[in-house]
Amino acid sequence: MGGATTKHIKMCCGQAGTAEQRNAVGVVQQLSKTEFNRLFLVQNGFLKILARLVRKETKETTAKDAIMALFRIVQNDQSYRIKLARYGILPGLKSYLEPDKEYSSDLVHWALLLTHQFAITDGLQVQMLEAGFLQVIAPLTRLTFGNANMQKLCLHSLVRFLSYVDPADHQLTLESLRQFNILPLLVTAMRSDDAELASWSVFLIHEFVTRDVGRRQIQAVKGILATFSTLLSSEEPCIPRLILRSLKYLAMRNESYQLEMINAGIIRKTVPWLQVRDRSESDGCLWALALLHDLLAHTDAHSEFIKANGIGTLIEVPSSSTSELYVADILVYLAAGPRNREALEDCRIEQTVIHLYPLLSEYVVGTSFLPLSQIVVSNIRDIERSARDESYRTLLEQTTAHLMSFMILLESDLFDATEETSAKPVVSALVCIVKLWKNRGQSAPTLHDHSFQFAEDEVLGQGMRLLATMLNSRKVKSPLMLKLLLMERALLQAAVSMLSEPTLLEAALIFLSSCCRFDDLRDALFSHASTFKALQAVEATGSLRFYMTTLHETAFDFSRVKPEKQYVGFSAAVGTPSMKVSPQGTELYNACWTFESIRTESGVSGTGAFGYEIVIRTPGILQLGWTPCSSLWDPEAGTGVGDSIDSYAYDGHRCKAWNGQESQNNHYGETWEQGDIITAMIDLDKREISFSRNGNFLGVAFTGVSKEIVWYVPASQKE
């Protein structure tokens with residue numbers, strides 16, 4: 001375009017209200033359609049000319065062409081937008097968006113497009129807020145209902161404006177937006193199939209909810225939770241994170257709404273957000289934890305959480321100062337429900353606490369342990385006064401949960417408190433619990449009473465296990481515990497009485513075994529003939545046999561007795577962590593899902609033939625044989641005796657002979673049963689290993705056994 005033509009167009013653009021002006025601006029608008037011409041227009045000063053046209057009152061067609069041209073020019077260049085703002089275009093541009101002006105929808109559309117360009121330009125948002133753009137965009141959002149493109153421009157502009165509002169004015173700004181009845185519109189836009197429109201509306205809803213503006217109005221919207229639930233699965237990563245935060249604030253201190261969330265399936269959609277695949281998702285994980293922390297305070301939520309693999313996902317949550325507190329509380333909530341016990345045990349919550357929270361010692365003692373003991377005492381007092389109704393059952397279940405929390409804390413690395421910090425309040429709580437036992441025997445039970453007996457037994461049993469844990473813990477000083485227990489002999493007497501109750505037998509045996517580690521408590525127990533009589537009446541089979549043997553071996557030193565056969569004792573010092581062994585090493589028991597192993601500390605070598613006998617007490621997988629001290633075991637990977645090339649084992653559960661995990665054609669022996677006596681023999685002269693069952697020789701299982709190493713007696717077990 002020649003210089004004369006350009007000069008003529010510029011001149012015509014300045015002739016206000018004339019046909020020449022309209023035509024000249026129309027030519028500029030046509031020129032702006034190509035990149036080359038846009039650069040030409042800027043270089044020749046048309047940016048300022050067009051800004052002046054928008055700033056002044058201009059005929060609608062001319063104004064539309066000017067705005068269209070400006071939009072195309074500045075669309076991809078932030079510096080041009082900043083120049084236009086300096087030219088004072090903003091007040092004039094805003095006038096074309098004001099709801100009381102009757103401009104064509106086409107002009108409003110182009111004015112909104114240009115306004116949006118300014119709204120997304122860093123540094124201009126504050127200037128636009130001061131110019132009053134918020135007050136024109138908000139009503140325009142309603143007026144453009146049904147036009148997704150214009151609504152997106154409005155909502156995105158509002159989002160950008162709110163990002164630059166002074167924090168002190170944020171709530172007031174949201175209240176002014178609310179006056180335009182924008183909330184129902186945002187909820188509708190949230191349900192749009194247009195991901196961008198949904199994103200901006202979710203952000204604005206989030207701003208209202210987290211600032212506590214219109215929160216009740218949002219909660220009252222029909223179907224809002226179903227919408228939130230759907231959006232938690234959105235492929236747009238920002239949407240679920242904003243939804244999680246919004247849900248957390250909506251649930252805050254509102255139990256009835258929390259129940260609505262549970263019924264709407266929010267838990268199932270929230271659990272996957274506990275998984276952190278990369279660092280960008282850590283924020284979503286924390287808000288998911290915060291929300292679940294509120295919802296899982298309700299027992300109604302537990303079954304859905306467990307079905308969604310919530311516990312398994314929860315224990316994999318990366319450790320942080322915030323997540324630690326949430327996870328610990330959630331585990332306590334879950335422990336409150338007896339129906340959750342199996343799921344919790346399967347997921348090893350104690351190991352999770354130990355693994356994830358090495359930094360919580362002070363928090364646990366200061367904010368968990370002491371308050372828990374006070375809660376237990378308070379609960380027991382309420383139980384004593386409570387009628388036998390559902391509130392009574394709830395109190396019992398809550399008390400069981402608190403006692404389980406004590407157990408987790410005591411067995412973890414989190415807890416290192418001693419003396420009054422730990423022992424005294426817990427013993428006081430347990431003294432109150434024993435009153436349950438006494439009260440039960442004061443009157444003949446009714447059918448209604450029996451319906452609550454399971455919950456009562458849970459409290460009593462968990463209390464006895466807790467005391468045993470404290471007696472065995474190095475973190476609680478024994479002298480103080482002994483003093484407290486000797487002062488409260490009702491605890492010892494109650495434990496002896498519980499030996500006659502099948503549901504409490506195991507807990508009573510565990511507690512009494514721990515007591516027998518101390519001379520004063522042992523003497524106090526066995527000074528009464530009733531203790532001997534109660535123990536003689538116990539029929540201990542299966543796992544109970546282990547606890548009975550533990551009690552006997554703790555109370556009495558059998559090494560003074562000369563048995564007909566020499567006993568080989570297993571040693572916990574050379575076993576995997578979860579394998580339980582009786583004090584004198586004659587009984588083993590593993591209640592974990594892992595494949596635990598153990599061996600003796602003395603072995604055989606050189607020449608000659610040797611053997612040992614083991615009585616099968618419980619069902620499950622058990623591998624017996626011979627092992628060198630160099631054998632490595634991995635409980636979680638399921639490797640034990642016979643699973644390495646240097647050890648040998650007989651498995652009567654599956655009728656297999658094992659020597660390395662790649663053992664082929666290894667069928668051997670007979671299926672053993674509880675009560676069977678299995679003999680394992682090693683002949684170092686013949687370099688053979690063989691087994692017998694109840695005296696019946698099963699044949700040679702292995703040959704070529706080395707005589708140059710020391711062979712130890714091992715066992716690997718899994719229930």
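About the criteria used
Residues numbered from 1 in each chain as written. Predicted model: local features only at pLDDT ≥ 70, side-chain atom pairs only at ≥ 80, totals over all residues. Heavy atoms only, no water. Helix = DSSP H or I, 4+ residues; strand = E, 2+ residues; numbered from the N terminus. Buried < 20%, exposed > 50% of the residue type's maximum accessible area, 1.4 Å probe, protein only. Contact = heavy atoms within 4.5 Å. Areas by Shrake-Rupley, 256 points an atom, 1.4 Å probe, with all protein chains shown as cover. Pairing = 2+ DSSP bridges. Axes fitted to C-alpha atoms, helices over the stretch in contact; angles between N-to-C directions. Parallel < 35°, antiparallel > 145°, perpendicular 65-115°, else oblique. Nonpolar A, V, L, I, M, F, W, Y, C, P; charged D, E, K, R; others polar. Salt bridge = Lys/Arg side-chain N within 4 Å of Asp/Glu carboxyl O. Patch = residues over 30% accessible without salt bridge, like charges linked within 9 Å, V, L, I, M, F, W, Y side chains within 5 Å. Lys, Arg positive; Asp, Glu negative; His and termini not counted. Charge placed at Lys NZ, Arg CZ, Asp CG, Glu CD. Left-handed = near helix turned anticlockwise from the far one by under 90°. Polar contact = N/O pair within 3.5 Å; in protein donor to acceptor, adjacent residues only side chain to side chain. Phe/Tyr/Trp six-rings, centres within 6.5 Å; stacked < 30°, edge-to-face > 60°. Lys NZ or Arg CZ within 6 Å of the ring centre and 35° of its normal. Expected span 1.5 Å × (residues − 1). Disulfide = S-S within 2.5 Å.

**Student:** Can you help me understand the overall build of the protein in this one?
**Tutor:** Counting secondary structure elements, the protein contains 35 helices and twelve strands. Here the protein holds 719 residues, and 53% of them are scored as buried. Taking as baseline every contact in the protein between residues at least 6 positions apart, the subset at least 24 positions apart corresponds to 69%. Carbon and sulfur atoms form 50% of the exposed surface of the protein, whose accessible area is close to 33400 Å².

**Student:** Sorry, what's going on with the sheet that holds strand β5 (residues 609–615) here?
**Tutor:** In a beta sheet, neighbouring strands are held together by backbone hydrogen bonds and run either parallel or antiparallel to one another. Read across the open sheet, the four strands follow the order β5-β9-β10-β11; overall the sheet is antiparallel. The open sheet terminates on both sides in strands that have one partner only, identified here as β5 and β11 (696–703). Recorded for the sheet is a direction-independent mean angle of 20 degrees between the axes of neighbouring strands. Summarising the sheet, strand β9 (residues 677–683) and strand β10 (residues 688–693) pair through six bridges and their orientation is antiparallel. Paired with Asp 683 across the strands is Glu 688, a residue of β10.

**Student:** What is the right way to look at the sheet that holds strand β7 (residues 648–651) in this model?
**Tutor:** What the six strands build is an open sheet, ordered β1-β4-β12-β6-β7-β8; its pairing is antiparallel. Among the strands making up the open sheet, the edge pair consists of β1 (570–571) and β8 (656–658). Sheet topology note: the strand β6 (residues 621–626)/strand β12 (residues 711–718) ladder contains four bridges and is antiparallel. Bridge assignment links Gln 623 to a residue of β12, and that residue is Ser 716.

**Student:** Just to check I follow, could you spell out the packing of helix α5 (residues 60–74) against helix α6 (residues 78–86) for this structure?
**Tutor:** When two helices pack together, their arrangement is given by the angle between their axes and by how far apart the axes lie. The N-to-C vectors of α5 and α6 enclose an angle of 135 degrees; their axes lie 8 Å apart at closest approach. Considering their axes alone, α5 and α6 lie oblique with respect to each other. Here Leu 70, Ile 73 and Val 74 of α5 come into contact with α6, specifically with Tyr 80, Arg 81 and Leu 84. Classifying every residue of the contact of α5 with α6 by side-chain character gives five nonpolar, no polar and one charged.

**Student:** When you look at the pattern of salt bridges in this model, what are you seeing that I'm missing?
**Tutor:** Side-chain pairs of opposite charge can arise whenever the charged atoms involved come near each other. A complete count under the given rule lists 17 salt bridges for this structure. For Asp 519, the salt bridge identified is with Arg 522, shortest N-O distance 2.6 Å. You can see Asp 519 and its partner Arg 522 sitting in helix α33 (residues 519–526), three residues apart, about one turn around the helix. Asp 519 gets classed as partly exposed once you look at its relative accessible area, which sits at 46%. In this structure, a network of salt bridges that share partners links the residues Lys 94, Glu 98 and Lys 101.

**Student:** It is not clear to me how unusual backbone geometry should be interpreted in this structure. Could you clarify?
**Tutor:** Although it is not a glycine, Arg 687 adopts a positive phi angle of roughly 60 degrees. Here Arg 687 is to be found in the loop between β9 and β10. The backbone phi angle of Asn 694 is positive, close to 50 degrees, even though this residue is not glycine. Counting through the fold element by element, Asn 694 comes out in the loop between β10 and β11.

**Student:** What is the right way to read the environment of Ile 182 from this model?
**Tutor:** As for its position among the elements, Ile 182 is in the loop between α12 (170–178) and α13 (183–190). For the pair Ile 182 and Ile 205, spaced 23 residues apart in sequence, the C-alpha separation works out to 9.9 Å.

**Student:** Is there a simple way to think about a positive patch on the surface in this case?
**Tutor:** Together, Lys 48, Arg 52, Arg 55 and Lys 56 make up a region of like positive charge exposed at the surface. By the secondary structure assignment, Lys 56 is in the loop between α4 (46–55) and α5.

**Student:** What is the right way to look at the pairing of β12 in this model?
**Tutor:** Consecutive residues of a regular strand have side chains that alternate between opposite faces of the sheet. Counting buried positions along β12 yields seven of eight residues, so the element is predominantly enclosed. For strand β4 (residues 596–604) and β12, the ladder comprises six bridges, and the chain directions are antiparallel. Residue Arg 599 lies in a different strand from β12, and its bridge partner there is Pro 714.

**Student:** Sorry, what's going on with the packing of helix α10 (residues 133–143) against helix α11 (residues 148–163) here?
**Tutor:** Contact pair α10 / α11: the axes reach a minimum separation of 9 Å and the direction vectors enclose 145 degrees. In the crossing of α10 with α11, the sense of the turn from one axis to the other is left-handed. Contact with α10, carried on its side by Phe 133, Leu 134, Ile 137, Ala 138, Leu 140 and Thr 141, involves Gln 151, Cys 154, Leu 155, Ser 157, Leu 158 and Phe 161 of α11 and no other residues of that element. For the contact of α10 with α11, the class distribution of residues is nine nonpolar, three polar and no charged.

**Student:** In this structure, what is going on with the side chain of Ser 201? I would like to understand it.
**Tutor:** Mapped onto the elements of the fold, Ser 201 is located in helix α14 (residues 195–210). A distance of 3.1 Å separates a polar atom in the side chain of Ser 201 from the backbone oxygen of Leu 197. Each residue touching Ser 201, except ones within four places of it in the same chain, is listed here: Leu 155, Leu 186, Ala 189 and Met 190.

**Student:** What is the right way to look at the pairing of β4 in this model?
**Tutor:** Where β1 lies against β4, two bridges are found, and the strand directions are antiparallel. Its bridge partner being in β4, Phe 570 is matched across the sheet by Thr 600.

**Student:** Whenever I open this one, the packing of aromatic side chains confuses me. Can you help?
**Tutor:** A ring pair, where both rings are aromatic, is described by two values, the distance of the centres and the angle of the planes. Overall, the coordinates contain 14 aromatic pairs when judged by the stated rule. A centroid spacing of 5.7 Å and a plane angle of 65 degrees characterise the contact between Phe 71 and Trp 110, whose relative ring orientation is edge-to-face. Note that Phe 71 is positioned in helix α5 and Trp 110 in helix α8 (residues 105–119), a separation of 39 residues in sequence. No difference in accessibility class separates Phe 71 from Trp 110, as the two residues are buried. With a centroid separation of 5.7 Å and an interplanar angle of 55 degrees, the aromatic rings of Tyr 648 and Trp 711 are classed as tilted. Within this pair, whereas Tyr 648 is found in strand β7, its partner Trp 711 is found in strand β12, the two being separated by 63 residues in sequence. Here Tyr 648 matches Trp 711 in class, with each residue buried. Pairwise contacts between aromatic rings join Tyr 650, Tyr 668, Trp 672 and Phe 691 into one cluster. Note that Lys 10 overlies the ring of Phe 46, its terminal NZ or CZ placed 6.0 Å from the centroid. It is Arg 599 that lies over the ring of Tyr 712; its NZ or CZ is 4.4 Å from the centre.

**Student:** Can you help me understand the environment of Asp 65 in this one?
**Tutor:** If you trace the backbone, Asp 65 turns up in helix α5. Judged by relative accessible area, Asp 65 falls into the buried class, the value being 9%. Between the C-alpha atom of Asp 65 and that of Val 25, which follows or precedes it by 40 residues, the distance is 6.3 Å. Contacts of Asp 65, omitting those with residues within four sequence positions, involve Val 25, Gly 26 and Gln 29.

**Student:** What's the story with helix α35 (residues 543–555) in this structure? I'm lost.
**Tutor:** The periodicity of an α-helix, 3.6 residues per turn, causes residues three or four positions apart to be oriented the same way. With 13 residues, α35 extends 19 Å from end C-alpha to end C-alpha; this agrees with the ideal 18 Å at 1.5 Å per step. Within α35, eleven of the 13 residues are buried, which leaves the element mostly enclosed by the surrounding structure. Turning to α35, its buried residues number three or more, namely Ser 543, Leu 544, Phe 546, Tyr 547, Met 548, Thr 549, Thr 550, Leu 551, Glu 553, Thr 554 and Ala 555. Looking at the buried positions of α35, the neighbouring elements they touch are α32 (505–515), α33, α34 (529–536), β2 (580–581) and β3 (588–589).

**Student:** It is not clear to me how the state of the cysteines should be interpreted in this structure. Could you clarify?
**Tutor:** Covalent bonding between the sulfur atoms of two cysteines is what defines a disulfide. On inspection of all chains with the given rule, the structure shows zero disulfides. There is no disulfide at Cys 515, and the cysteine sulfur nearest it, in Cys 516, is 6.8 Å away. We classify Cys 515 as buried; its relative accessible area is 0%.

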